[in-house]
Amino acid sequence: MKEPYEKIPRHVAIIMDGNGRWAQKRGLPRPVGHRAGVEALRDIVRMSSDVGIEVLTVYAFSTENWSRPQDEVGAIFRLMLEYLNREVAALVENQVRIRIIGRRDHLNDTLLSAIEKAETASAHCKGLAFNVALNYGGRAELVDAARALARAVQQGELSPEMIDEQTISRYLYTAGQPDPDLLIRTGGDQRLSNFLLYQSSYAELYIPDTLWPDFTPEAYDKALRSYAARQRRFGGIKPR
Ligand code: FPP
């Protein structure tokens with residue numbers, strides 16, 4: 001039996017990178033890597049829920065990913081649809097509430113209706129909040145927040161002086177959720193790639209070389225132990 005964690009992040013955010021390389025290393029088409037990535041994700045969702053993490057946010061498709069070859073984009077969306085249709089019952093059984101965050105434009109009607117169905121079916125769940133960032137961009141999210149804030153001011157619901165950091169948080173897709181404490185990016189690249197830009201200000205970064213399909217529960221355990229061993233100072237000084 002492993003030691004329990006000394007502390008657990010409330011919110012874990014993951015950039016699931018390396019599916020393409022995983023497939024290419026095996027001489028397989030990139031979509032095969034994405035399919036293997038979904039398998040890895042299933043275990044990570046289960047483990048997040050088991051260890052008591054409150055929020056898990058994963059980056060499934062960015063606003064920049066539309067520039068990939070059309071067949072790869074199509075394959076990712078088909079996997080997403082398959083995941084939603086197949087997994088929702090198991091998620092609900094485990095009290096996992098799924099929400100898709102990002103812009104809903106450019107998504108086809110079949111996917112939109114699967115998203116709505118999954119969100120509605122799991123809306124009452126009280127365990128892990130599972131956010132899937134789809135057609136998501138951190139800057140787009142801030143643009144959407146700025147527009148909504150401007151509308152609120154225009155309608156007299158807010159004055160500009162009332163806007164503080166908490167107000168902005170309330171206008172983001174993650175409104176009401178704690179900011180990520182731990183941000184994991186698999187695949188070794190040291191970038192944020194437009195993910196949760198506002199929310200990740202003080203997130204601890206963990207960037208293993210492991211490609212996403214190889215990110216097993218053991219690898220996740222290592223990430224959580226690395227987090228537990230860190231001293232977070234939030235710009236202050238080390239407590240005595
Ligand atoms: C990054 O790897 C991965 C993606 C852009 C897609 C992630 C999508 C999934 C895991 C499947 C759909 C998601 C859900 C929630 C069912 P990459 O292709 O950039 O890898 P590379 O850096 O090796 O090229």
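Here's a quick rundown of the structure. Please read all numbers here as calculations on a predicted model, not as lab measurements.

Quick notes on the packing of aromatic side chains
Each pair of aromatic rings is reported with the distance of its centres and the angle of its planes.
Then, number 1: What the rule picks out here adds up to ten aromatic pairs.
Then, number 2: For the pair Trp 66 and Phe 77, a centre-to-centre distance of 5.3 Å together with 20 degrees between the ring planes defines the contact as stacked. Placement of Trp 66 in the loop between strand E2 (55-62) and helix H3 (70-93) and of Phe 77 in helix H3 is noted, with a sequence separation of eleven residues between them.
Then, number 3: Judged by its relative accessible area of 33%, Trp 66 falls in the partly exposed class.
Then, number 4: What makes Phe 77 buried here is its relative accessible area of 11%.
Then, number 5: Measuring from ring centre to ring centre gives 5.6 Å for Tyr 202 and Phe 234, while their planes differ by 55 degrees; the resulting arrangement is tilted. A residue pair is termed long-range when its members are at least 10 positions apart, and Tyr 202 in the loop between strand E5 (182-185) and strand E6 (204-206) and Phe 234 in the segment after helix H7 (217-228) qualify at 32 residues.
Then, number 6: Among the aromatic residues, ring-to-ring pairing joins Tyr 59, Tyr 136, Tyr 173 and Phe 195 into one connected group.

Brief notes about the site of the ligand
Then, number 1: Lining the immediate surroundings of the ligand are 16 residues, of which Asp 17, Gly 20, Arg 21, Arg 30 and Arg 68 lie closest.
Then, number 2: Contacts to the ligand include Arg 21, whose backbone N or O atom sits 2.7 Å from an oxygen atom.
Then, number 3: Side-chain polar atom of Arg 30 to an oxygen atom of the ligand: 2.8 Å apart, as the coordinates give it.
Then, number 4: For the ligand, whose unbound accessible area comes to 630 Å², protein coverage reaches 92%.
Then, number 5: If you list the elements that add at least two residues to the shell around the ligand, you get helix H1 (19-25), helix H2 (30-51) and H3.
Then, number 6: By residue number, the principal contributor to the shell around the ligand is H2, which donates four residues.
Then, number 7: Tallied by class, residues from the shell around the ligand come to seven nonpolar, five polar and four charged.

Rules used throughout
Residues numbered from 1 in each chain as written. Predicted model: local features only at pLDDT ≥ 70, side-chain atom pairs only at ≥ 80, totals over all residues. Heavy atoms only, no water. Phe/Tyr/Trp six-rings, centres within 6.5 Å; stacked < 30°, edge-to-face > 60°. Helix = DSSP H or I, 4+ residues; strand = E, 2+ residues; numbered from the N terminus. Buried < 20%, exposed > 50% of the residue type's maximum accessible area, 1.4 Å probe, protein only. Near = heavy atom within 4 Å. Polar contact = N/O pair within 3.5 Å; in protein donor to acceptor, adjacent residues only side chain to side chain. Areas by Shrake-Rupley, 256 points an atom, 1.4 Å probe, with all protein chains shown as cover. Nonpolar A, V, L, I, M, F, W, Y, C, P; charged D, E, K, R; others polar.

Remember, this is a structural readout, not a statement about activity or role.
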